[in-house]
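This is what each chain is made of:
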Amino acid sequence: MSTDIHPTAIIEPGAELEPGVIVGPYAYIGAQVKIAKGTEVMHHATVDGATTMGEDNEVHPYAYVGGKTHDLKYRGGCPGLRVGNGNVFREFTTVHCATTENTETIVGDHNLILAYSHIAHECIVGNHLVMSSHAALGGHVQLGDHVNVGWGAGLHQFCRVGDYAMVGAASKVVQDVPPYMIADGSPAMVRTTNKVGLERAGFTAQDVNLVRRVFKMFYKEGLNRRQAAEKLRAEMAGDCAIVQTFLAFVEASERGLS
């Protein structure tokens with residue numbers, strides 16, 4: 001198995017492409033880029049910067065993966081971008097490298113980034129994200145696993161979204177969105193549980209009902225966050241991974257909860 005590079009593509013000296021990489025017409029690969037087998041960079045797409053890409057990724061036409069940070073604090077050097085395996089970057093998506101030397105923007109595995117969406121510097125994206133068109137993550141945003149970000153949503157810098165959570169279309173997220181919840185609006189607020197997402201992911205009916213109880217305790221009983229966390233820990237934590245995950249996220253929040 002060898003690389004398949006179209007004669008019109010530009011591969012800068014120094015780029016490292018494993019056997020099995022496909023590069024289409026008029027694509028551009030920068031000098032510091034490393035791409036693993038099975039990845040396809042389609043026509044007119046760009047992979048640049050100190051970017052390391054894993055296996056079986058798709059970079060669709062006009063996507064720009066590994067661009068220079070927008071952050072005005074950039075002072076030179078080669079901050080990086082690390083991309084895992086099986087990701088899809090659709091048309092006109094942009095993913096930026098980090099801002100400061102020896103730091104990285106990180107994108108995990110099996111994420112679907114739809115057209116015109118943006119992942120900014122020092123973001124940490126988990127696995128199995130679905131990010132709809134025209135959505136944007138500000139710098140330092142952190143997303144857990146199995147997150148769904150709706151069309152046109154914007155996430156403020158340093159916000160976090162927990163595992164199996166969903167952000168509704170056109171929402172403005174300025175605080176953290178806990179695991180298993182749906183946040184919607186401008187500013188976004190948690191409205192309900194991500195029941196359909198949990199069911200599709202294989203959670204049991206008992207699990208879904210437990211998440212509903214957590215939601216009611218935090219958002220419907222008139223308790224402040226500290227009181228709700230204490231009550232949840234006392235009544236429901238035990239050895240329950242769902243509750244422990246939720247509590248760990250809440251207790252680590254620095255921006256407050258949506």
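Structure report, in brief. Everything numeric in this text was worked out from a predicted model, so none of it was measured.

**Here we look at the sheet that holds strand β10 (residues 58-59)**
A sheet is described by the order of its strands in space; here eleven strands give the open sequence β1-β4-β7-β10-β13-β16-β19-β22-β25-β27-β28, paired in mixed fashion. In this open sheet, the two edge strands, each paired with only one partner strand, are β1 (4-5) and β28 (188-193). When β10 meets strand β13 (residues 88-89), the two strands line up parallel, connected through two bridges. The residue bridging Glu-58 from the neighbouring strand is Val-88, located in β13. Contacts between helix α2 (residues 205-219) and the sheet are confined to β27 (181-185) and β28, with β28 contributing the most and set at about 140 degrees to the helix.

**What about the sheet that holds strand β8 (residues 46-47)?**
If you trace the nine strands from one edge of the open sheet to the other, you get β2-β5-β8-β11-β14-β17-β20-β23-β26, paired in parallel fashion. Every interior strand has two partners, whereas the edge strands, β2 (10-11) and β26 (172-173), have only one. Where strand β20 (residues 136-137) lies against strand β23 (residues 154-155), two bridges are found, and the strand directions are parallel. Bridge pairing in β23 places Leu-137 opposite Leu-155.

**Topic: the nonpolar core**
Counting 69 residues, the largest nonpolar core has Leu-143 and Phe-218 as the members making the most contacts within it. Those elements giving two or more residues to this core turn out to be β12 (80-83), β27, β28, α2, α3 (225-237) and α4 (241-251). With eight residues, the top contributor of residues to this core is α2. Filtering out sequence-adjacent residues up to four positions away, Leu-143 remains in contact with Ile-124, Val-125, Gly-126, Leu-129, Leu-137, Val-149, Leu-155 and Val-161.

**A look at the layout of surface pockets**
Over the atoms rolls a probe the size of a water molecule, and in doing so it shows where empty space is left. Put simply, the largest pocket is a space of about 240 Å³. If you trace the largest pocket, you find 13 residues lining it, with His-146, Asn-148, Asn-194, Gly-197 and Arg-200 closest to the centre. No other element matches the four residues that helix α1 (residues 195-200) contributes to the lining of the largest pocket. Taken as a whole, the second largest pocket spans an internal volume of roughly 170 Å³. No other element matches the three residues that strand β11 (residues 64-67) contributes to the lining of the second largest pocket.

**Focus: unusual backbone geometry**
Cis geometry is adopted by the peptide bond preceding Pro-187, which originates at Ser-186 and carries an omega value of 0 degrees. Notably, His-44 is not glycine yet its phi reads approximately 65 degrees, a positive angle. Along the polypeptide, His-44 turns up in the loop between β7 (40-41) and β8. Notably, His-146 is not glycine yet its phi reads approximately 60 degrees, a positive angle. The residue His-146 is located in the loop between β21 (142-143) and β22 (148-149) in this model. Judged by relative accessible area, which is 32%, His-146 ranks as partly exposed.

**Overview of the packing of aromatic side chains**
The full count for this structure, using the stated rule, is seven aromatic pairs. Considering the side-chain rings of Phe-92 and Tyr-116, the 5.0 Å spacing of their centres and the 10 degrees angle between planes classify their relative orientation as stacked. Taken together, the residues span a long stretch of sequence, with Phe-92 in the loop between β13 and β14 (94-96) and Tyr-116 in the loop between β16 (112-113) and β17 (118-119) at a distance of 24 residues. Relative accessible area serves as the criterion here: at 38%, Phe-92 is assigned to the partly exposed category. Each ring, one from Phe-218 and one from Phe-246, has its centre 4.9 Å from the other, and the planes form 75 degrees; the classification is edge-to-face. Here the residue Phe-218 occupies a position in helix α2, and Phe-246 occupies one in helix α4, the gap between them amounting to 28 residues. For Phe-246, a relative accessible area of 1% corresponds to the buried category.

**A short note on the pairing of strand β9 (residues 50-53)**
Of the two faces of β9, the one holding Thr-51 and Met-53 is buried and the one holding Ala-50 and Thr-52 is not buried anywhere. Relative to β9, strand β6 (residues 34-35) runs parallel, the two sharing two bridges. If you follow Ile-35 over to β9, its bridge partner there is Met-53. As paired strands, β9 and β12 are joined by four bridges and run parallel to one another. The partner of Thr-51 across the bridge, within β12, is Leu-81.

Rules used in this analysis
Residues numbered from 1 in each chain as written. Predicted model: local features only at pLDDT ≥ 70, side-chain atom pairs only at ≥ 80, totals over all residues. Heavy atoms only, no water. Pairing = 2+ DSSP bridges. Helix = DSSP H or I, 4+ residues; strand = E, 2+ residues; numbered from the N terminus. Contact = heavy atoms within 4.5 Å. Axes fitted to C-alpha atoms, helices over the stretch in contact; angles between N-to-C directions. Core = buried A, V, L, I, M, F, W, Y, C linked by side-chain atoms within 4.5 Å. Buried < 20%, exposed > 50% of the residue type's maximum accessible area, 1.4 Å probe, protein only. 1 Å grid on protein atoms, 1.4 Å probe; cavity = no way out; pocket = protein on both sides within 12 Å on 5 of 7 lines; lining within 4 Å. Points joined across faces, edges and corners; volume = space filled by probe spheres on them. Phe/Tyr/Trp six-rings, centres within 6.5 Å; stacked < 30°, edge-to-face > 60°.

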